[in-house]
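Understanding the architecture of this molecule
Residues per chain, in single letters:
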Amino acid sequence: MNKVITINLGGNAYQLEEGGYDALRAYLEFAAVRLQGNPDKDEIVSDIERAIAEKFRALLGSHKTVVVTKEVAAVVAEMGPIEADSGQAADPGAGGAGAPASASGHGAAGEEPAAGRGGTPRRLYRIHEGAMIAGVCNGIAGYVNADPTLVRLAFVLLTLFWGTGLLVYLVMAIVVPEAFSPEEKAAASGVPSTAQEFIRRAKEGYYEAMKGFPDRKARREWERRFKQQMRGWSRSFGREMRWNADQWRHNWHSYWAEHAPFHPGMCFALPLLSLLHGAVTLLWICASISLLATGAVFGLALPANVPVWVAALLLFIAYGILAAPLKAARRACYWGFGQPKWAGSFMFLLDAVIWLAIVAALLLLAVHYFPELRQAVRSLPSLAHQAADDIRAWWKGK
Amino acid sequence: MSVNEKFSAIRKGLLEFLLLQIIAAEKVYVADILKQLSATEFATQEGTLYPLLSKMRREGLLDYEWKESGAGPPRKYYELTAKGREQLRDTLEYWGKINGTVKKLGQK
């Protein structure tokens, strides 16, 4: 049993299944975006609506009054992608949201961008709506179709391992583009702007329910419950965050348990170690990016049977091995300062902030000046797909 | 890259010319045009056709009139304007020239 939504297309009413309605709305929204700046936009959109209406009409009969989701999808596929006429409404953003998902970027961009998957091409974006910080987790969740809270939790857990999650988050916040236009938002999750859709539906439900309460008292009671529910939702997330913070503190105290003797040389060694650590990290990031962009590490080709994602994993492990002694040395320095406890933690915080700032600033510059880096980030989603496929094939092979 | 791919840009450019030719023959609406094209190398979809037709109308090459259809919404029937006919004549002439050049070049 599916919910049916009645729409008006070209002056006639049609009944669509809810999923079909969503698909049609996404298609028409997509059309409107593609035709942005076209002086005949409204007319073309109504032409398209009329053409769709005619196709629906052909599907319906006296015993069939509802267009099901599958049929809507078929009609939309038959309509094909909207091609703006050349030079007229080509999207100005170099980001080329409508460009095909393949990172290779053929000259004939815009040729059937979504034909392959029959939906919107998926791209990794940051999604601002409903974001906690920069929308990175939200974007990943939209990309892999998961609950954002789970992704956030994964990041928090990853952060417990020597702050890896924090670093990855920072890097992604800088290099992953944010979804601004509705088209980009659609591409971010492969469905019409999930967050917007969610908000719209929530509101719709809210107002629908409001209509059902003619008397004021009942309405107020319902309103109170609606708000309470929302609050409970955000509170449970807050509880999760607090639990994580407690874990953090706990880990800290176990560090303080081991004291190292203080040595004046540490004052000089600490900044040096930090810089060295930062350099190693940067080297790893650049190596990974060059691996993703060119399939080779700084021009050194991989052996033929090693997939890129395995190489990336190996790089990460190599980085871990290289960085571990540096990290240990730095930690020893903080303990050295730990005569009054707060001095050590203050040094750590200061050092960590400076270190993160150095890495972030250099990375920002690198992304700004090397277009290949940006390209590499674009290729990340397809790489993730490849990795997933590889793992699936390996699993089946077993 | 196959020949088919190499010619995608050329096909795109020629589509306007073909539309002029189809519409010149008789008053048609979009489903007719799609049907005529579907059997050829120029098979297209509505998503491409509507923007192109409205561009051509804006350029004054064609015009349309509304006709009621038995069932469903009214349809737009397209026809060429005087300017459209002129353009078709010019294009045909030019196309003949290009064809001649393609055949002639490289022969002795």
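Cut-offs used in this document
- Residues numbered from 1 in each chain as written.
- Chains lettered and ligands numbered in written order.
- Predicted model: local features only at pLDDT ≥ 70, side-chain atom pairs only at ≥ 80, totals over all residues.
- Heavy atoms only, no water.
- Helix = DSSP H or I, 4+ residues; strand = E, 2+ residues; numbered from the N terminus.
- Contact = heavy atoms within 4.5 Å.
- Areas by Shrake-Rupley, 256 points an atom, 1.4 Å probe, with all protein chains shown as cover.
- Buried < 20%, exposed > 50% of the residue type's maximum accessible area, 1.4 Å probe, protein only.
- Phe/Tyr/Trp six-rings, centres within 6.5 Å; stacked < 30°, edge-to-face > 60°.
- Expected span 1.5 Å × (residues − 1).
- Pairing = 2+ DSSP bridges.
- Salt bridge = Lys/Arg side-chain N within 4 Å of Asp/Glu carboxyl O.
- Buried area = accessible area lost by both parts, 1.4 Å probe.
- Polar contact = N/O pair within 3.5 Å; in protein donor to acceptor, adjacent residues only side chain to side chain.
- Axes fitted to C-alpha atoms, helices over the stretch in contact; angles between N-to-C directions.
- Parallel < 35°, antiparallel > 145°, perpendicular 65-115°, else oblique.
- Left-handed = near helix turned anticlockwise from the far one by under 90°.
- Nonpolar A, V, L, I, M, F, W, Y, C, P; charged D, E, K, R; others polar.
- Lys, Arg positive; Asp, Glu negative; His and termini not counted.
- pLDDT = per-residue confidence, 0-100.

**Things to note about the overall build of chain B**
- Looking only at helices and strands, chain B has 5 helices and 2 strands in total.
- Ordered by position in the sequence, the α and β elements of chain B form the string α-α-α-α-β-β-α.
- Taking contacts inside chain B between residues at least 6 apart in sequence as the whole, the part at least 24 apart equals 50%.
- On chain B, roughly 6600 Å² of surface is accessible, and the fraction owed to carbon and sulfur atoms is 53%.

**Brief notes about the overall build of chain A**
- Regarding its fold elements, chain A presents 13 helices and 5 strands.
- The burial tally for chain A puts 37% of its 398 residues in the buried class.
- When the accessible surface of chain A is summed, it comes to about 23200 Å², and 65% of that surface belongs to carbon and sulfur atoms.

**Structural notes on the packing of aromatic side chains**
Residues and elements named next belong to chain A.
- Under the definition given, this model contains 9 aromatic pairs over all chains.
- Seen from their ring centres, Trp284 and Phe316 are 5.4 Å apart, and the 55 degrees between their planes marks the pair as tilted. Highlighted residues: Trp284 in helix 10 (residues 266–294) and Phe316 in helix 11 (residues 308–337), separated in sequence by 32 residues.
- Judged by relative accessible area, which is 16%, Trp284 ranks as buried.
- Look at Phe316 and you get partly exposed, because its relative accessible area is 35%.

**Concerning helix 4 (residues 46–58) of chain B**
Residues and elements named next belong to chain B.
- Helix length check: helix 4, at 13 residues, gives a terminal C-alpha distance of 18 Å against a target of 18 Å (1.5 Å per residue), a fit within 8%.
- Counting buried residues in helix 4 gives 11 out of 13 residues, a clear majority hidden from the surface.
- Following helix 4 by one or two positions, Gly60 has its phi on the positive side, about 80 degrees.

**Side note on the pairing of strand 1 (residues 4–9) of chain A**
Residues and elements named next belong to chain A.
- Going residue by residue along strand 1, you find Ile5, Ile7 and Leu9 tucked away on one face and Val4, Thr6 and Asn8 left uncovered on the opposite face.
- Pairing analysis gives 6 bridges linking strand 1 to strand 2 (residues 12–17), with the strands arranged antiparallel. Paired with Ile7 across the two strands is Tyr14, which belongs to strand 2.
- Where strand 1 hands over to strand 2, the hairpin turn is made up of 2 residues, of which Gly10 adopts a positive phi near 55 degrees.

**Notes on the pattern of salt bridges**
- Under the criterion given, the structure shown has 14 salt bridges over all chains.
- The closest approach of N and O atoms between B:Arg58 and A:Asp40, which form a salt bridge, is 2.6 Å. Taken together, the residues B:Arg58 in helix 4 and A:Asp40 in the loop between helix 1 (18–34) and helix 2 (41–59) connect one chain to another.
- Owing to a relative accessible area of 8%, A:Asp40 belongs among the buried residues under this scheme.
- For A:Lys64, the salt bridge identified is with A:Glu71, shortest N-O distance 3.1 Å.
- Here A:Lys64 falls in the partly exposed class, since its relative accessible area comes to 27%.
- Counted as one network, the salt bridges with shared partners bring together A:Glu43, A:Asp47, A:Arg50, B:Arg57 and B:Lys76.

**Some points on the interface of chain A and chain B**
- Counting residues at the interface gives 30 residues for chain A, matched by 22 residues for chain B.
- Buried surface at the junction of chain A and chain B, summed over both partners, amounts to about 2100 Å²; 47% is from carbon and sulfur atoms.
- Summed over the shared surface of chain A and chain B, the result is 6 salt bridges.
- Ionic pairing is found between B:Lys76 and A:Asp47, a salt bridge with its closest N-O pair at 2.7 Å.
- The tally of links from chain A across to chain B stands at 14 residue pairs in polar contact (both at pLDDT 80 or more).

**Some thoughts on the packing of helix 3 (residues 30–38) of chain B against helix 4 of chain B**
Residues and elements named next belong to chain B.
- Viewed as axis vectors pointing N to C, helix 3 and helix 4 meet at an angle of 120 degrees, and their least axial separation amounts to 11 Å. Our classification of the angle between helix 3 and helix 4 gives oblique. Between helix 3 and helix 4 lies a crossing whose hand is right-handed. Of the residues in helix 4, those touching helix 3 at Val30, Ile33 and Leu34 are Glu46, Leu49, Tyr50 and Leu53.
- A breakdown of the residues in the contact of helix 3 with helix 4 according to their chemical character gives 6 nonpolar, no polar and 1 charged.

**Focus: the packing of helix 1 of chain A against helix 2 of chain A**
Residue and element names in this part refer to chain A.
- One can describe the packing of helix 1 onto helix 2 by two numbers: an axis separation of 10 Å at closest approach and a directional angle of 155 degrees. The orientation of helix 1 relative to helix 2 falls into the category roughly antiparallel. As helix 1 packs across helix 2, the resulting crossing turns out to be right-handed. Every residue of helix 2 that contacts helix 1 at Leu24, Tyr27, Leu28 and Ala32 is listed here: Lys41, Ile48, Glu49, Ile52 and Phe56.

**A few points about the sheet that holds strand 3 (residues 66–67) of chain A**
All names here are of chain A.
- Strand order across the open sheet formed by 3 strands is 1-2-3, with mixed pairing between neighbours. Of all strands in the sheet, those bounded by a partner on one side alone are strand 1 and strand 3.
- Along the sheet, helix 1 makes contact with strand 1 and strand 2, crossing strand 2 at roughly 115 degrees.
- Its contacts with the sheet place helix 2 against strand 1, strand 2 and strand 3, and it is angled at close to 70 degrees to strand 2.

**Notes on the side chain of A:Glu17**
All names here are of chain A.
- Examined against the element boundaries, Glu17 turns out to sit in strand 2.
- For Glu17, which is buried and forms no salt bridge, the nearest opposite charge comes from Lys64, at a distance of 7.9 Å.
- Every residue in contact with Glu17, bar those within four places of it in the chain, is listed here: Asn2, Lys3, Val4, Val66, Val67, Val68 and Thr69.

**Concerning the environment of A:Ala361**
Residues and elements named next belong to chain A.
- Turning to its location among the elements, Ala361 is positioned in helix 12 (residues 341–369).
- You can call Ala361 partly exposed: its relative accessible area is 41%.
- For the pair Ala361 and Ile174, spaced 187 residues apart in the sequence, the C-alpha separation amounts to 9.8 Å.

**Observations concerning the confidence of the model for chain A**
Residues and elements named next belong to chain A.
- On average, residues of chain A score 71 in pLDDT, and 66% of them reach the 70 mark or higher.
- When mean pLDDT is compared element by element in chain A, strand 3 scores highest at 90, while helix 8 (residues 194–211) scores lowest at 53.
- Every residue in residues 86–120 is under pLDDT 50, and counting partners more than four places away or in other chains gives 42 contacts.
- Throughout residues 191–196 the model reports pLDDT below 50, and contacts reaching past four residues in sequence, or to other chains, amount to 14 contacts.

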